[in-house]
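Letter by letter, the chains look like this.
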Amino acid sequence: MRVFGIASFTDGGASRSCAARSAGSALALIASTVVPLHAQQPAAATPTSNTTIQATNVDTKDWTTPDDHRQMMQQLGITALRPGPSGNEQAPNHANYDEAKANPFPNLPPLLVLKNGQRVTTPRLWTRRRAEIVEDFEREVIGRVPKDAPKVTWAVTATDTGTIGGRRVIGTQLTGHADNAAFPAITVDIPLTLVLPADAKGPVPVMIMFRPGSLPGALDKPLPPPPAGARPGFTPPPPPPGSDAPATDQLILDGWGFVFLNPTTVQADNGAGLTKGIIGLANRGRPRKPDDWGALRAWAWGASRALDYLETNRAVNAKAVGIEGVSRYGKAALVTMAFDPRFAMVLIGSSGEGGAKLHRRNFGEAVESLTGSGEYHWMAGNFLKYGAAEATFGSKTAADMPVDAHELIALCAPRLTFVSYGVPEKGDAKWLDQQGSYMATVAAQPAFRLLGAKTLGVSDDYMKERMPPVNVGLLDGHLAWRQHDGGHTDAPNWKYFLSWADYFLGRRYTPAPPVPVPPAQSAAQPVPRP
């Protein structure tokens, strides 16, 4: 068994010795402009209370989500939260879907103005502004990675070969063990599946995909039987005939590799898990403080640790590694890209509130949706303040937040950033607020432009710009947008993402053929008249 000792870096997931990397002209641009996170300003202290101090002595053995949520409210002095809107349009408190009422707070925090009022007009000044934005997000929105976060050691546990899309591949299964010597009661082992083309002539670009997976599943081989009494693993249905090939096929046939990383092996997707997983291990089983990291930041940390390993693999072009996810994992993909400058590209799928959607929008999912007990664990504890109806500090709303989603997208500049959505008619619900995410993408353009990157090709007036028609992509710049005609998935956009990324990486795009149509079904199709 081969073992790789990899440090768990403390600069927000980025290597202190590595600036942003990529390949070709786009990657040279990145390397000259992205700022390592260790250049951030010192963290502002978060006020504590007696409750915060007492929380260190809480017995969390049988900790539940209500316990954790209530404890965080007590730390913050919150006695009542506003309920989030309902996704049921027949409910009395249904979410707003009237565009005329969607912008109660139209003024966003200025992107290119320092806190002292100085305008940001050069990449050097952006270094300072970026640090300010990072500090605000870490303190108030997604939380801070502890300086003493556990180190991760990667070990290869299996290798195999197979065929994907007719091309031979080599698969590697790894496990990343987080050092728990300081708190043996919690164990975090992160499975990682890496698949690369077997006939590659040199290092290949790789996409880390936030999703469950295994080596047999990736190689389309029979899955091992589950342990006695356990449920069998989920096997997704094959794509319908005539549809695009699966993303894994498209990647391999285009000469890329891919990684499966299941975020919940890093950190559970619930509040009760905040005293377990990597967050619980770092806190030695104690509840979080208000500016501690939430699950989104923990999942992003896991992707950064996967990138640590990929940097040691000579078959991988570590300067051209990307991150992808859909829905809550789309949020995590955006956070990963924003806070680890080593990632060269991102495909952000249907991310909604907490992702690419503007917090200040009143359309569909709201800030209050993420401060309730169902989803608060994604965020820093301090985020609850912006859903507070009654508290020792009064009440706060999204308008009181020091940052918004356009600045999270801007932290990705000038690297390759692709924002993807589907349509409500096919299941990518209005709840996600596609227009609000487009507005945030538009409002992020000035940062990309300042750093020499090409943008969407539209004005910066986010209040007036409207999404282009469905299936019309804005793909000429390092910042890209496309709304496909499918549902809550990014599958229809993979071929556009790959051709777009290949162009900026200086690669030749090789499309994958669609899923074959059986002969009988093909013969039944009407023949078009001449």
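Residues numbered from 1 in each chain as written. Predicted model: local features only at pLDDT ≥ 70, side-chain atom pairs only at ≥ 80, totals over all residues. Heavy atoms only, no water.

Visitor: Quick question: what am I supposed to make of the pairing of strand S12 (residues 479-483) here?
Guide: In the case of a regular strand, side chains alternate between the two sheet surfaces. Of all five residues in S12, five are buried, a share of seventy percent or more. What you see with S12 is no split at all: Leu 479, Trp 481 and Gln 483 on one side and Ala 480 and Arg 482 on the other are buried throughout. Note that strand S11 (residues 416-421) and S12 share five bridges and pair parallel. What sits directly across from Tyr 421, in S12, is Gln 483. (Buried < 20%, exposed > 50% of the residue type's maximum accessible area, 1.4 Å probe, protein only. Helix = DSSP H or I, 4+ residues; strand = E, 2+ residues; numbered from the N terminus. Pairing = 2+ DSSP bridges.)

Visitor: Where do I start with helix H8 (residues 295-310) in this structure?
Guide: The periodicity of an α-helix, 3.6 residues per turn, causes residues three or four places apart in sequence to face the same way. For H8, which comprises 16 residues, the first-to-last C-alpha distance of 23 Å matches the rise-based estimate of 22 Å (1.5 Å per residue) to within 8%. Across the 16 residues that make up H8, a large majority, 16, are buried. (Expected span 1.5 Å × (residues − 1).)

Visitor: Help me understand helix H3 (residues 65-76), please; the structure alone is not making it clear to me.
Guide: Taking 1.5 Å as the rise per residue, H3 with 12 residues should run 16 Å; its terminal C-alpha atoms sit 17 Å apart, in good agreement. When we look at burial in H3, the residues that qualify are Thr 65, Asp 68, His 69, Gln 71, Met 72, Met 73, Gln 75 and Leu 76. Positive backbone phi, at 75 degrees, marks Gly 77, one or two positions downstream of H3.

Visitor: Help me understand the pattern of salt bridges, please; the structure alone is not making it clear to me.
Guide: Note that side chains of opposite charge can pair when their charged atoms are close. Applying the stated rule across the entire model yields 31 salt bridges. In this structure, the salt-bridge partner of Arg 211 is Glu 324, at a minimum N-O distance of 3.1 Å. Here the residue Arg 211 occupies a position in the loop between strand S6 (204-210) and helix H5 (215-218), and Glu 324 occupies one in strand S8 (residues 316-326), the gap between them amounting to 113 residues. Given a relative accessible area of 25%, Arg 211 falls into the partly exposed group. For Glu 324, a relative accessible area of 1% puts it in the buried group. The shortest N-O distance in the salt bridge between Asp 460 and Arg 449 comes to 2.9 Å. Placement of Asp 460 in the loop between helix H13 (445-450) and S12 and of Arg 449 in helix H13 is noted, with a sequence separation of 11 residues between them. Accessibility expressed as a relative area gives 32% for Asp 460, which makes it partly exposed. A single network of salt bridges, built from pairs that share partners, joins Lys 115, Glu 135, Asp 136, Glu 138, Arg 139, Glu 140, Arg 144, Asp 291, Arg 297 and Lys 385. (Salt bridge = Lys/Arg side-chain N within 4 Å of Asp/Glu carboxyl O.)

Visitor: So what exactly am I meant to see when it comes to the confidence of the model for the protein chain here?
Guide: Should pLDDT be low for a region, the predicted coordinates there are not to be read in detail. On average, the protein chain scores 89 in pLDDT, and the residues at 70 or more come to 86%. When the criterion is pLDDT under 50, residues 6-54 qualifies, and its contacts beyond four places in sequence or with other chains add up to 119 contacts. (pLDDT = per-residue confidence, 0-100. Contact = heavy atoms within 4.5 Å.)

Visitor: Which parts of the structure should I look at to understand the environment of Trp 378?
Guide: Take Trp 378: it is sitting in the loop between helix H10 (367-371) and strand S10 (388-391). For the pair Trp 378 and Leu 296, spaced 82 residues apart in the sequence, the C-alpha separation amounts to 5.1 Å. Non-local contacts of Trp 378, meaning those with residues more than four positions away in its chain, are made with Asp 269, Gly 294, Ala 295, Leu 296, Trp 299, Arg 328, Lys 331 and Leu 370. Side-chain polar atoms of Trp 378 contact the side chain of Asp 269, separated by 2.9 Å. In this structure the side chain of Trp 378 is engaged in a polar contact, spanning 3.2 Å, whose partner is the side chain of His 377. (Polar contact = N/O pair within 3.5 Å; in protein donor to acceptor, adjacent residues only side chain to side chain.)

Visitor: How should I be thinking about the side chain of Asp 433 in this particular structure?
Guide: Here Asp 433 shows up in the loop between S11 and helix H12 (434-443). Judged by relative accessible area, which is 0%, Asp 433 ranks as buried.

Visitor: Just checking my understanding: could you explain the packing of aromatic side chains for this structure?
Guide: Inspection of every chain in the model, using the stated rule, returns 14 aromatic pairs. Look at Tyr 438 and Trp 481: their rings are 5.1 Å apart centre to centre, the planes differ by 65 degrees, and that puts the pair in the edge-to-face class. Highlighted residues: Tyr 438 in helix H12 and Trp 481 in strand S12, separated in sequence by 43 residues. You'll find Tyr 438 and Trp 481 in the same group, each marked buried. Between the aromatic rings of Trp 500 and Phe 504, the centroid separation amounts to 6.1 Å while the plane-to-plane angle is 70 degrees, which identifies the pairing as edge-to-face. Highlighted residues: Trp 500 and Phe 504, both in helix H14 (residues 494-505), separated by four residues, approximately one helical turn. Its relative accessible area of 3% is what places Trp 500 among the buried residues. Judged by its relative accessible area of 6%, Phe 504 is buried. Every member of this aromatic cluster is reached through a ring pair, and the members are Phe 418, Trp 494, Phe 497, Trp 500, Tyr 503 and Phe 504. (Phe/Tyr/Trp six-rings, centres within 6.5 Å; stacked < 30°, edge-to-face > 60°.)

Visitor: Honestly, unusual backbone geometry in this entry has me stumped. Any pointers?
Guide: Among all residues save glycine, negative phi is the norm, and among peptide bonds the norm is trans. The amide bond that connects Ala 413 to the next residue, Pro 414, takes the cis arrangement and shows omega of 0 degrees. By secondary structure assignment, the location of Pro 414 is in the loop between helix H11 (405-410) and S11. The backbone phi angle of Ser 350 is positive, close to 45 degrees, even though this residue is not glycine. Inspection of the secondary structure assignment puts Ser 350 in the loop between strand S9 (345-349) and H10. Using a relative accessible area of 0% as the deciding quantity, one classes Ser 350 as buried.

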